[in-house]
Amino acid sequence: MALSIDSIKSHFPIFIHRPELVYLDNAATSQKPRSVIQTITDFYEKENANVHRGLYELSASATQRYEGVRRKVSELIGAAAPQSITFTKGATESINIIARSFLKKKLKKGDNVVISAMEHHANLIPWQQVCSQCDAELRVIPVNRDGDLSLGQADLLLDKDTKLLAVTHISNVLGTINPIEEIISLAHKKKNIPVLIDGAQSVGHIPMNVKETDLDFLVFSAHKMFGPLGTGVLYCKEEFTLQIDPYSFGGGSIKNVDLEHTEFLDYPHHLEAGTPNIPGVIGLGAAIDFVNGLDLDETATYTKNLSIYFKEGLRSLGNIKVTGNPMNFNGIVSFEVENIHPHDVAGFLANENIAVRAGHHCAQPLLESMGIPATVRVSFSIYNTKDDVDKAIAALTGLKRFWS
Amino acid sequence: VNADLKALYTKIVKAHNDAPHHFEKRDDSRYHIKAYNPICGDRFELYLNHNSQRIDQAHFYGFGCAISKASTSVLTKSIEGKTIEDAITICNNFLQFINQEPVDRLTLTDEFRAFAGVHDFPERYDCATLSWVELKMYLERHTTQTERP
C-alpha cells in the first residue's frame, strides 16, 4: 500500500526536532525516515556482529541480513540476480571502481571515453584521470542553453574507439532527466559500447529498471534515497563481472591466500575487502522498504509539481534567472538572483531556517559552459510542501527588499 | 554577537558591497595578486602599486559574495598609504580578530568590528578572510625577498 504524501513528513524525526526547518537541499542528502534510523540503532543494540565470519547465531543472522539487502537492491532496480550488486562507500567509489578496475586496463592511446558536460565531478574526474594516465581522449557531449544534452552530438562523438560512455540520469544542478534509454541504445547500436549511468539523483526517486534500459553499470548512494550516509551501490551487468579486478585488497575478498599468491572470490565479493559497512547496508535495506511503500510515479510527479510551483513564484519576483529549461525535469531548480551573490542568497535564507545550496554543486564545467560562476539550488523531496515553497518565495521577497 | 554589532555588520557590509573602494580592473598596476576560493568560486584580483617601503595604491576587481567583496574593499582602503610592515600588521590584526584571537582593541576600526558578524556564521569565515590571507602571504614573501642580500 502506498504511503500517503500528506502524512509522509511525520515519518521523518528531524522535522519533529526542528519543526521550523524548511529543508530544500535534498539533492545533497535526503533526510532519513524513522524506520531507517531505528533499523541501524537496533542492529547496534541487538544484532551487532561481523559478517561472513562467525559460526554463531549473531554473525549468521548479520550475514543473512547483509546479503538479503543485495536481493532488495536487485529487485528495486530490476536486476536479474542479487549477485550483480556490489556494496561500496557511495556512487563516487562505485564509479572509481569501474574507471580503475575495469576500464583502465583496456584503454590505450587513441581510445576515448565519452561523458556529458552536465556530470557531477564524481562522474568526470575518475574518467579524466584514467584517460590522462592512458593517453586516451575524454570527449564531452555538450549541453544546450535549455540544459538538455545534444544527442546529435553524442552520436558524432561515439565511435569505434569509444571504450565507455558515462552519463548521469538526472543532473544535480539543472534537474534535467536525461533520455537514458535513447542514449544507451545509441551506444549499444554503434559499437556495443558499455554505458555507465550515474543514478545518484534518480534511484529511489523515479522508477529505474536496468533490464528494460539495458544499461551496463549503474551507481548510486544510499544517503540520497532516505538511507544512511557512507553506503552505495554498483550494479554490473553479468557479462562484465569477470572483467572487473579487485579494487582494494584485504580480508573477506579471497578464496585462498599463501605468502606468494592470492586467489580472489568472484564478483561482487572480491570488491568488498575488509569489514563492510554492515549497518549502512542494512539501513539501505530499510530505505528500500520505505521506497517500496511509495508510488514512485506519484512522488516524482509531486516533487516535479513543487518545482513548477516554485519556478512560478520565482518568475513573479522579477529579479531571478532560472538556470536552464530542460524538456524533462524533476524537483531540482537552480537560479541566480540579479546582483546578489548565491552565497548571500543562501545565507539570507538560512537566517529564515531555509536550507538551500549555493555554489557550483560539484559541476564546475557545466556552469562554466553556461557562463555562470555559481547558482542557488533548491531541491525538493516528498516531505516538502507548497507551504515550504511559499516560505522560500517570501524569504526571497524579503531578500530583494533588503538589498535594494 | 549583539544587536549593535549585527546592525554594524549589515550597514558596513552592505555599504561596501554596494560601493566598493577602488573596485576596478587596473592592468597598469605593477603587482597583481589573485585571491580564489575553489569551494565557492569567489575570485578577486588585487592590483597594487608599491615600492620596497610603501603601498601607494590598491584596487581590486572580481566576483564574490557580499562578505568577501566588502572585506576586500575594507582591505584596499586600509592598506593604501601604509608601509609594507604596517600593512602586514593590519592583515594580522584583521585575521586575528576574525579568528577570535586577542587583538589590540585600539587597532579595531568600526569597519573591522563589523565583520564580527561572521563569528555567528563559521561557514563564512573564508569569505571574510580570502583576500587578507592572500595579501599577507604576498607581503611577507615580498619582505623576505627584498631582505635578501
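## Topic: the overall build of chain A
In terms of regular secondary structure, chain A is built from 14 helices and 15 strands. Whereas a compact globule of 404 residues would reach a radius of gyration of roughly 22 Å, chain A reaches 22 Å, a difference of no more than 12%. If one aligns the C-alpha atoms of chain A with their principal axes, the spans along those axes are about 75 × 55 × 35 Å. When burial is assessed residue by residue, chain A has 58% of its 404 residues classed as buried. Put simply, chain A shows about 17100 Å² of open surface, and 51% of that area lies on carbon and sulfur atoms.

## Topic: the sheet that holds strand β3 (residues 55–63) of chain B
Residue and element names in this part refer to chain B. Spatial ordering of the open sheet is given by β1-β2-β3, a layout of 3 strands whose pairing is antiparallel. The open sheet terminates on both sides in strands that have one partner only, identified here as β1 (31–37) and β3. If you compare each strand with its neighbour and ignore which way they point, the axes differ by 20° on average. Pairing of β1 with strand β2 (residues 42–50), which is carried by 7 bridges, proceeds in the antiparallel orientation. Each bridged residue has a counterpart across the sheet, and for N37 the counterpart in β2 is D42.

## Focus: the nonpolar core
F310(A) and F115(B) are the most contacted members of the largest nonpolar core, which has 71 residues in total. Take this core: its biggest share by element is 9 residues, from helix α3 (residues 84–98) of chain B. The contact partners of F115(B), leaving out residues within four places of it in the chain, are Y9(B), V13(B), I67(B), A70(B), S71(B), V74(B), F94(B), F97(B), I98(B) and A128(B). Judged by nonpolar contacts, the second largest core, of 62 residues, contains F15(A), A117(A), L158(A) and L296(A).

## Quick look at helix α11 (residues 296–317) of chain A
Note that an α-helix has 3.6 residues per turn; residues three or four places apart therefore point the same way. Residues and elements named next belong to chain A. Counted at 1.5 Å a residue, the expected span for α11 with its 22 residues is 32 Å, and the 32 Å between its end C-alpha atoms agrees. Turning to α11, its buried residues number three or more, namely L296, T299, A300, T303, L306, S307, F310, K311, G313, L314 and L317. The buried residues of α11 all sit within an arc of 160° when viewed along its axis, so they share a single face. Away from the buried face of α11 by more than 90 degrees, exposed residues D297, R315 and S316 are located. Where α11 starts, the residue carrying a side-chain oxygen 3.0 Å from the main-chain nitrogen of D297 turns out to be D295.

## Here's the deal with the packing of helix α2 (residues 34–47) of chain A against helix α10 (residues 278–292) of chain A
Residue and element names in this part refer to chain A. It is the contact of α2 with α10, at a shortest axis distance of 8 Å, that shows an interaxial angle of 145°. Judged by the sense of rotation from one axis to the other, the crossing of α2 with α10 is right-handed. Where α2 abuts α10, its residues S35, V36, T39, I40, F43 and Y44 lie against I278, P279, I282, G283, A286, A287 and F290. Its residues placed into classes, the contact of α2 with α10 shows 10 nonpolar, 3 polar and no charged.

## Focus on the confidence of the model for chain B
On average, chain B scores 88 in pLDDT, and the residues at 70 or more come to 95%. Among the prediction metrics, the complex's ipTM stands at 0.75, with pTM recorded as 0.90.

## Things to note about the packing of aromatic side chains
Using the criterion set out here, one finds 22 aromatic pairs over all chains in the structure. On the numbers, 5.4 Å between centres and 40° between planes, the contact of F217(A) with F240(A) is tilted. Residue F217(A) is found in strand β7 (residues 217–221), and its partner F240(A) is found in helix α9 (residues 238–241); the two are separated by 23 residues along the sequence. The exposure class assigned to F217(A) is buried, which follows from its relative accessible area of 0%. Residues Y31(B) and Y138(B) carry aromatic rings whose centres are separated by 6.2 Å and whose planes lie at 55° to one another, so their mutual orientation is tilted. Linking Y31(B) in strand β1 with Y138(B) in helix α5 (residues 125–147), this pair joins segments that are 107 residues apart in sequence. Looking at Y138(B), the relative accessible area reads 12%, which means it is buried. Among the aromatic residues, those joined into a cluster by ring pairs are F12(A), F15(A), F226(A), F290(A) and Y383(A).

## Some remarks on the pairing of strand β15 (residues 375–379) of chain A
Residues and elements named next belong to chain A. With respect to burial, β15 is a largely interior element, 5 of its 5 residues being buried. Where strand β14 (residues 357–359) and β15 come together, 3 bridges link them in antiparallel fashion. Among the inter-strand pairings, G359 is bridged to a residue of β15, identified as T375.

## Side note on the sheet that holds strand β4 (residues 137–141) of chain A
Residue and element names in this part refer to chain A. Spatially, the 7 strands line up as an open sheet ordered β2-β8-β7-β6-β5-β3-β4, and their pairing is mixed. Since the sheet does not close on itself, it has two edges, and those belong to β2 (85–88) and β4, each with one partner. With direction set aside, neighbouring strand axes in the sheet form an average angle of 20°. Relative to strand β8 (residues 232–236), β2 is paired through 4 bridges, and the arrangement is antiparallel. Its bridge partner being in β8, F87 is matched across the sheet by V233. Of the strands in this sheet, β2, β3 (112–116), β5 (162–168), β6 (195–198), β7 and β8 are in contact with helix α4 (residues 91–103), which crosses β7 at around 150°. Strands in contact with helix α7 (residues 180–191) are β5 and β6; relative to β6, the strand with the most contacts, it is inclined by about 160°.

## A word on the pairing of β7(A)
Residues and elements named next belong to chain A. Within β7, 5 of the 5 residues are buried, leaving the element largely enclosed by the surrounding structure. Neither face of β7 is left uncovered, since the one carrying F217, V219 and S221 and the one carrying L218 and F220 both have all their residues buried. Across 3 bridges, β6 lies against β7 in parallel orientation. From the neighbouring strand, I197 faces β7, where its bridge partner is L218. Pairing analysis gives 5 bridges linking β7 to β8, with the strands arranged antiparallel. Looking at β8, one finds that F217 is bridged to C236.

## Things to note about the pattern of salt bridges
A full pass over the atoms with the stated rule returns 25 salt bridges over all chains. Linking K190(A) and D155(A) is a salt bridge whose minimum nitrogen-to-oxygen distance equals 3.0 Å. Of this pair, K190(A) sits in helix α7 while D155(A) sits in helix α6 (residues 151–157), and the two are 35 residues apart along the sequence. A relative accessible area of 31% places K190(A) in the partly exposed class. Across the salt bridge formed by R54(B) and D56(B), the nearest N and O atoms sit 3.6 Å from each other. Judged by its relative accessible area of 38%, R54(B) falls in the partly exposed class. Connected through shared salt-bridge partners, E67(A), R70(A) and E272(A) make up one network.

Cut-offs and rules
- Residues numbered from 1 in each chain as written.
- Chains lettered and ligands numbered in written order.
- Predicted model: local features only at pLDDT ≥ 70, side-chain atom pairs only at ≥ 80, totals over all residues.
- Heavy atoms only, no water.
- Helix = DSSP H or I, 4+ residues; strand = E, 2+ residues; numbered from the N terminus.
- Rg over C-alpha atoms; globule rule 2.2 N^0.38 Å.
- Buried < 20%, exposed > 50% of the residue type's maximum accessible area, 1.4 Å probe, protein only.
- Areas by Shrake-Rupley, 256 points an atom, 1.4 Å probe, with all protein chains shown as cover.
- Pairing = 2+ DSSP bridges.
- Axes fitted to C-alpha atoms, helices over the stretch in contact; angles between N-to-C directions.
- Core = buried A, V, L, I, M, F, W, Y, C linked by side-chain atoms within 4.5 Å.
- Contact = heavy atoms within 4.5 Å.
- Expected span 1.5 Å × (residues − 1).
- Arc of directions from axis to C-beta.
- Polar contact = N/O pair within 3.5 Å; in protein donor to acceptor, adjacent residues only side chain to side chain.
- Left-handed = near helix turned anticlockwise from the far one by under 90°.
- Nonpolar A, V, L, I, M, F, W, Y, C, P; charged D, E, K, R; others polar.
- pLDDT = per-residue confidence, 0-100.
- Phe/Tyr/Trp six-rings, centres within 6.5 Å; stacked < 30°, edge-to-face > 60°.
- Salt bridge = Lys/Arg side-chain N within 4 Å of Asp/Glu carboxyl O.

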